[in-house]
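Working through the structure, step by step
Each chain, written out:
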Amino acid sequence: MAGLILENVSVSFPIRGAPAQGKRGGVMQRLRSAYGGGRATGSATVLSNLWLSLKPGDSLAILGHNGAGKSTLLRTMAGVYPPSTGRMWTDGVVAPILSPQVGFVPNASGYENIALRGMLLGMSRREVDAKTEEIRAFADIGDWIHEPVATYSSGMALRLAFAICTSMRPDILLIDEWIGAGDALFMQRAGERLEELVGSVEILVLASHRDSILRKFCNQGIVLDRGAIVFHGSVADAISFHGELVRLYAESGRDARPIGRIDFPSLSDV
Amino acid sequence: MVAVGDTAGRTLGRGTGDMTAGIWTTRLRVAALRFGLWMGSPLRPAKGANTNFVRDAARAWRMSAFARSLAYHRAIARNRQAYLGALWMPLGFVLFAGGISLLWAQIFDRPLNTYLPYVTFGLFVWNLILGSLVDGARAMQESRNLILQSNTPILIYPLTAMLKQSIMAAYNIPFVILVAIAFSPAFDPAMLLALPGLLLVWVLGLAVCITLSILCTYVPDLSELIASGLRFVFFFTPILWLPNTREGLHHIWMWNPFYYVIEVVRAPLSGNHEIAPLAFAVTGALTLIAWLVAVFVYRRFAGAVPTRLGG
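All values derive from a computational prediction rather than experimental measurement. Sequence order sets the numbering: in each chain, residues are counted from 1 along the sequence as written. To label them, take the chains in the order written and letter them from A, then take the ligands in the order written and number them from 1. Per-residue local features are limited, in this predicted model, to residues with pLDDT of at least 70; the limit for side-chain atom pairs, both in listing and counting, is 80 or more; totals at the level of whole chains, interfaces and linings are taken over all residues. Side-chain figures throughout are based on the complete set of non-hydrogen atoms in the structure, without hydrogens or water.

A look at the overall build of chain A
Secondary structure elements follow DSSP: runs of H or I no shorter than four residues count as helices, runs of E no shorter than two count as strands, and numbering proceeds from the N terminus. The helix and strand inventory of chain A stands at 8 helices and 10 strands. Three exposure classes are used, based on accessible area relative to the maximum for each residue type with a 1.4 Å probe and protein chains only: buried under 20%, partly exposed in between, and exposed over 50%. In chain A, which comprises 270 residues, the proportion classed as buried is 53%. Within chain A, counting contacts between residues at least 6 apart in sequence, those at least 24 apart form 76% of the total. Any two residues having at least one pair of non-hydrogen atoms within 4.5 Å are treated as being in contact.

Here it is in structure tokens:
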């Protein structure tokens, strides 16, 4: 039985304190402020104190403005970023579809990239080989499959990436918003394939700005604001809460700040 | 005006009441889990990636097919567009080793039949050392996109760097063998000691790659320092000159670890049996130390590498 639980999870990033603009100081002082004796000079808490529990059948929508921490949350769930405090509990095979367009090996052919990406996502060589034909057929890029990926148009690269990523059958599927390139015909086929994939997984986590997609695939939603969960409820409520939040920000005339909270403990010392 | 931006979430949350309800339900569910009431679920804490060397090394080893494939593509990447393709790797080596031997043999009045093999064997190992250090230093930065895509153990990337260097060295091996056959008086079984020597250099290189790749995400200047420092070290290591040239200068090579690492391959091949045992002993000790350092650095610093790359 698949499951995913975040128990008071925070994620923070080190900020490499580049010497402040216009700041005078000797080389040693600049080095000290840059490396702080091997430690970062500050940290940005991008996710703070998240509590979340997903069981089979749950499909979670993540809402939030740019920089609220959506992608970081997905990467944390995928096991890329370790929680800096708190604990994460998982069961089942987790497959992230985060940013498929990046991470191709540009001078390897489409075929070779299918193998590389498949293995990177955790498939064995044999599994990849068994799926290669099906991936090639869905990507539908003809003889270009034998050419280096560097020569592909962005649409072709996207189709190949989508075909590879959606060929997995995980228990927990994490999708970051990225669909949108590609022509209308491909988008229709992609939509069908995505529906089929989503139907086969036990837990889905989807970050998107498009309400229609969220309503279609998700049955609950959270709203992130500067790294904290400020709302957790049904997907319809989450969407209206998020709309309200955006309106409030617009009225107050303040932009949503790009990152959660920044502490510069040692910059003030310098 | 109040700082709405700072409190917007909380104010709204309190207003609807939903937010608190949602979070408390979750906390209760988590509490239930902690006390084992979660319907016997096999949920377990997701172990922090990249902190346990043995576990992650085993995972990386299972993914070695991926590392091999990636290493191959990176090795031939540079020459993909050239007409001669991958042939440029051995060609560059042959031209440099051959050309410099001919020139320096003339300048310093050395017999070519001993000087050419000496330079060829030395350069062969030096290329491997140089490549591993430079590639190791940027292994993580180079693979940033891949690291941020999946929870693949990051040990894969120093391994890839070393495999790439092995592929590049493999292209040079035919010329090395050719020189060894052409210039040695007779075949000596002791020449085969160069093979374990090469393996030892590889194992040492892997440990150094792991250490450097991790440290370079903390101190990015390190990769620049290595690239420029090694250019300098090249001239202080007996590759183009012989270690017994001048009595007064023996400190330069006697205390130079690169000398012994090169000798574990060069000494058996050129039949220099006096230095070979010492070279093996020193390189073996270096390898042991390098692995201890690598495991320490890995356990202490590897966990934060993804956040360092992503932040």
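Quick look at the pairing of strand E6 (residues 172–175) of chain A
Residues and elements named next belong to chain A. Burial along E6 is two-sided: Ile-172 and Leu-174 and Leu-173 and Ile-175, pointing in opposite directions, are all buried. Two strands pair under a simple rule: DSSP has to find at least two bridges between them. Of the pairings in the sheet, the one linking strand E5 (residues 94–97) to E6 comprises 4 bridges and is parallel in character. Counterpart to Ile-97 in the pairing with E6 is Ile-175. Bridging between E6 and strand E7 (residues 203–207) involves 4 bridges; their strand directions are parallel. Counted as the bridge partner of Ile-175 is Leu-206 from E7.

Observations regarding the sheet that holds E7 of chain A
The pairing of strands in a sheet happens through backbone hydrogen bonds and is either parallel or antiparallel. Residues and elements named next belong to chain A. Taken in spatial order, the 6 strands make up an open sheet running E5-E6-E7-E3-E8-E9, and their pairing is mixed. Looking at which strands have only one partner, the edges of the open sheet turn out to be E5 and strand E9 (228–233). On average, each strand axis in the sheet is tilted by 15° relative to the strand beside it, whichever way the strands run. Summarising the sheet, strand E8 (residues 220–225) and E9 pair through 5 bridges and their orientation is antiparallel. Note on E9: the bridge partner recorded for Leu-224 is Ile-229. Every axis corresponds to a line fitted to the C-alpha atoms, with the helix fit spanning only the stretch in contact, and the corresponding angles, defined between N-to-C directions, vary from 0 to 180 degrees.

Some remarks on the layout of surface pockets
Residues and elements named next belong to chain B. Considering only enclosed or pocket space, the second largest pocket measures out at about 720 Å³ in volume. Contributing to the lining of the second largest pocket are 29 residues, with Arg-78, Asn-127, Leu-130, Gly-131 and Met-168 lying nearest its centre. Elements supplying a minimum of two residues to the lining of the second largest pocket: helix H4 (64–77), helix H5 (88–107), helix H6 (112–137), helix H9 (156–183) and helix H11 (221–236). For the lining of the second largest pocket, the element with the most residues is H6, which contributes 9 residues. In the cavity and pocket records, a cavity denotes points on a 1 Å grid over the protein atoms alone where a 1.4 Å probe fits but cannot get out, a pocket denotes an open set with protein on both sides within 12 Å along at least 5 of 7 lines, and lining residues are residues with an atom within 4 Å of a point. Grid points are joined across faces, edges and corners, and a volume is the space filled by probe spheres set on the points.

Structural notes on the nonpolar core
The definition of a nonpolar core used throughout is a set of buried Ala, Val, Leu, Ile, Met, Phe, Trp, Tyr and Cys residues joined through side-chain atoms within 4.5 Å. Ranked by internal contacts, the top residues of the largest apolar core, which has 124 residues, are Leu-160 and Leu-173 of chain A together with Phe-66, Tyr-157 and Ile-214 of chain B. Discounting residues that sit within four places of it in the chain, Leu-173 of chain A has contacts with Ala-95, Ile-97, Leu-197, Val-198, Val-201, Ile-203, Leu-204 and Val-205 of chain A. Judged by nonpolar contacts, the second largest core, of 33 residues, contains Ala-2, Val-46, Leu-50 and Val-205 of chain A.

Focus on the pattern of salt bridges
Any carboxyl oxygen of Asp or Glu that lies within 4 Å of a side-chain nitrogen of Lys or Arg is treated as forming a salt bridge with it. Under the definition given, this model contains 14 salt bridges over all chains. The closest approach of N and O atoms between Arg-266 of chain B and Glu-263 of chain B, which form a salt bridge, is 2.9 Å. Of this pair, Arg-266 of chain B and Glu-263 of chain B are both found in helix H13 (residues 257–269), 3 residues apart, which corresponds to roughly one turn of the helix. Exposure remark for Glu-263 of chain B: the relative accessible area of 2% places this residue in the buried category. Among the charged side chains, a salt-bridge network with shared partners connects Glu-244, Arg-247 and Glu-251 of chain A.

Some remarks on the environment of Leu-74 of chain A
All names here are of chain A. Counting through the fold element by element, Leu-74 comes out in helix H2 (residues 70–77). We classify Leu-74 as buried; its relative accessible area is 0%. Sequence separation of Leu-74 and Leu-206 is 132 residues, and the distance between their C-alpha atoms is 8.5 Å. Beyond its immediate chain neighbours, meaning those up to four positions away, Leu-74 contacts Ile-62, Leu-98, Leu-174, Ile-175, Asp-176, Val-205 and Ala-207.

Remarks on the packing of helix H3 (residues 110–120) of chain A against helix H4 (residues 125–139) of chain A
Residue and element names in this part refer to chain A. At a closest axis distance of 9 Å, the pairing of H3 and H4 adopts a crossing angle of 130°. Of the possible angle classes, the one that applies to H3 and H4 is oblique. Regarding H3 and H4, the two cross each other, and that crossing is right-handed. On the side of H3, the interface is formed by Tyr-111, Ile-114, Ala-115, Gly-118 and Met-119, while H4 contributes Arg-125, Val-128, Thr-132, Glu-133, Ile-135 and Arg-136. Gly is placed with the polar residues, together with every amino acid not listed as nonpolar (Ala, Val, Leu, Ile, Met, Phe, Trp, Tyr, Cys and Pro) or charged (Asp, Glu, Lys and Arg). When grouped by side-chain class, the residues that make up the contact of H3 with H4 number 6 nonpolar, 2 polar and 3 charged. Angle categories: roughly parallel below 35 degrees, roughly antiparallel above 145, roughly perpendicular from 65 to 115, and oblique for all the rest. Crossing handedness follows the turn of the near helix against the far one: under a right angle anticlockwise gives a left-handed crossing, and clockwise gives a right-handed one.

Things to note about unusual backbone geometry
All names here are of chain A. At Asn-8, a position not held by glycine, the phi torsion is positive, near 55°. By the secondary structure assignment, Asn-8 is in strand E1 (residues 3–15). Positioned with a positive phi, Asn-49 is a non-glycine residue whose angle comes to about 50°.

Thoughts on the confidence of the model for chain B
Residue and element names in this part refer to chain B. The pLDDT value tells you how sure the predictor is about a given residue, anywhere from 0 up to 100. For chain B, the mean per-residue pLDDT works out to 83, and 85% of the residues sit at or above 70. Across chain B, element-level confidence peaks in helix H10 (residues 194–218) with a mean pLDDT of 95 and bottoms out in helix H1 (residues 4–16) with 35. Contacts of residues 1–19 to residues separated by more than four positions or lying in other chains number 28 contacts, the stretch itself having pLDDT below 50.

Some thoughts on the packing of H6 of chain B against H10 of chain B
Any two packed helices are characterised by the angle at which their axes cross and by the distance between the axes. All names here are of chain B. In contact at an axis separation of 7 Å, H6 and H10 are set at 25° when each is read in the N-to-C sense. Here H10 runs roughly parallel to H6, going by the angle between their axes. Along this stretch, H6 crosses H10, giving a crossing that reads as right-handed. For the pair formed by H6 and H10, the contact residues are Phe-124, Val-125, Leu-128, Ser-132, Leu-133, Gly-136 and Ala-137 on the first element and Leu-198, Val-201, Val-208, Cys-209, Leu-212, Ser-213 and Cys-216 on the second. The residue makeup of the contact of H6 with H10, split by class, is 11 nonpolar, 3 polar and no charged.

Digging into a nonpolar patch on the surface
Residues and elements named next belong to chain B. Distance thresholds for patches are 9 Å for like charges and 5 Å for nonpolar side chains (Val, Leu, Ile, Met, Phe, Trp, Tyr), applied to residues having over 30% relative accessible area and no salt bridge. All accessibility values rest on the Shrake-Rupley procedure with a 1.4 Å probe; residue burial counts only the protein chains present in the view. A grouping of Phe-232, Phe-235, Phe-236, Leu-249 and Ile-252 is seen on the molecular surface, where their side chains present a nonpolar patch of about 500 Å² in accessible area. With 3 residues, H11 is the largest single contributor of residues to the nonpolar patch. Checked against the element boundaries, Phe-232 lands in helix H11.

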